[in-house]
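Residue-level structural notes
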Amino acid sequence: PEIALLWKNLIAAFRTVGGARSLALVVGGTLGLSALILNLTRQTELAAVIGAMCGMLAGILLLVGPALIRCDFRQDLQHIDLLKSYPLSGLSLLVGSLLTPIIILTVVEWMLLAAFAAIVPVAGLENLTWSGGPTVLALTGAILAPSMIAAATLIQNAGFLIVPGWVALGAGRTTGVERIGQGLLTSIGQITAMAVGFIPAALVFGVSWFVCSGFTGSVIALPLSAFLAALVLASECFLGALLLGVWLDRLDPSREFDTLARQE
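A brief report on the enclosed structure follows. All figures in this text were calculated on a predicted structure; none of them were measured in a lab.

1. Regarding the overall build of the protein
When helices and strands are tallied, the protein shows 10 helices and 0 strands. Along the protein, helices (α) and strands (β) appear in the sequence α-α-α-α-α-α-α-α-α-α when read from the amino end. Residue burial in the protein is summarised as follows: out of 264 residues, 41% are buried. Taking the contacts inside the protein whose residues are at least 6 apart along the sequence as the reference set, 81% of them involve residues at least 24 apart. For the protein, the accessible surface area stands at approximately 13700 Å², while carbon and sulfur atoms represent 74% of it.

Structural data, given as structure tokens:
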């Protein structure tokens, strides 16, 4: 059942204007044009700029990516009565609804990090001895990306489920002063929750890197520390998914519709 929900949301993500389709076109066009320019010119200055842009965009998407891909409970809450009628547990419904944004954003992150690792050496910056080079940095980011995206997506959708009246449902986005204020408050709350949730993983990463770098160097210490931090984040996501799944099991769609009606 989770794969069926994943397929449904994938179709919705690429049919609607904006969201995943726009993100895929922008990233794919940028990387394709960058590869063409570098292949024709081999200019190191341009390579440095494009490589830095890929790295910065990968970092930005870790924070704002879940808000861009709206194929999650912002769409499914509109049909929560139908979804609750299926013989699915709350955990299965949660996992199936959140797999799509997690997979899309992870693939985009890996594409950007691969471009970063491939383009930066063209600029003559491959000897970043303090970090082990762009390939090691890209590998470290690729290890951390899935768990960080999953944590951010889970936190965001937990807010949607608990306070559905504070989010614009569906593919569109509402406007107005009230909606701007609500969006600002919810964004602050989500960023705060993400910062708190990332603290244990950051501590594990810092301690493991400090210990391992003295014996193995950054080439091994960074990916190993990222792997341990990713395990911590994955454990947090697993616990959060279990709790939110129990909450979904107890969700009453009739009360949910009353909330959404008051919102409209």
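2. Overview of the side chain of glutamine 156
Mapped onto the elements, glutamine 156 comes out in helix α7 (residues 134–162). Excluding its chain neighbours within four sequence positions, the residues that come into contact with glutamine 156 are Pro66, Ala67, Asp72, Arg74 and Gln190.

3. Let's talk about the packing of helix α6 (residues 90–119) against α7
Where α6 meets α7, the axes come as close as 9 Å, and the angle between the chain directions of the two elements is 155°. With respect to their mutual orientation, α6 and α7 come out roughly antiparallel. For the pair α6 and α7, the crossing hand works out as right-handed. Tallied by class, the residues present in the contact of α6 with α7 amount to 19 nonpolar, 5 polar and 1 charged.

4. Thoughts on the nonpolar core
Counting 37 residues, the largest nonpolar core has Phe73, Leu93, Leu94, Leu161 and Leu248 as the members making the most contacts within it. For this core, the element with the highest residue contribution is α7, accounting for 10 residues. Leu113, Ala115, Ile119 and Ala138 belong to the second-largest nonpolar core, a separate cluster that totals 13 residues.

5. Things to note about a nonpolar patch on the surface
A cluster of nonpolar side chains, namely Val49, Met53, Met56, Leu57, Ile60, Leu63, Val64 and Leu68, defines an oily patch on the protein surface of about 710 Å² accessible area. The topology assignment puts valine 64 in helix α3 (residues 44–68).

6. Observations regarding the packing of α7 against helix α9 (residues 218–249)
Their axes nearest at 9 Å, the elements α7 and α9 cross at an angle of 15°. Put simply, α7 runs roughly parallel to α9. Judged by the sense of rotation from one axis to the other, the crossing of α7 with α9 is left-handed. A breakdown of the residues in the contact of α7 with α9 according to their chemical character gives 26 nonpolar, 4 polar and no charged.

Calculation notes
- Residues numbered from 1 in each chain as written.
- Predicted model: local features only at pLDDT ≥ 70, side-chain atom pairs only at ≥ 80, totals over all residues.
- Heavy atoms only, no water.
- Helix = DSSP H or I, 4+ residues; strand = E, 2+ residues; numbered from the N terminus.
- Buried < 20%, exposed > 50% of the residue type's maximum accessible area, 1.4 Å probe, protein only.
- Contact = heavy atoms within 4.5 Å.
- Areas by Shrake-Rupley, 256 points an atom, 1.4 Å probe, with all protein chains shown as cover.
- Axes fitted to C-alpha atoms, helices over the stretch in contact; angles between N-to-C directions.
- Parallel < 35°, antiparallel > 145°, perpendicular 65-115°, else oblique.
- Left-handed = near helix turned anticlockwise from the far one by under 90°.
- Nonpolar A, V, L, I, M, F, W, Y, C, P; charged D, E, K, R; others polar.
- Core = buried A, V, L, I, M, F, W, Y, C linked by side-chain atoms within 4.5 Å.
- Patch = residues over 30% accessible without salt bridge, like charges linked within 9 Å, V, L, I, M, F, W, Y side chains within 5 Å.
- Salt bridge = Lys/Arg side-chain N within 4 Å of Asp/Glu carboxyl O.

Spatial relationships are all this shows, so hold off on functional conclusions.
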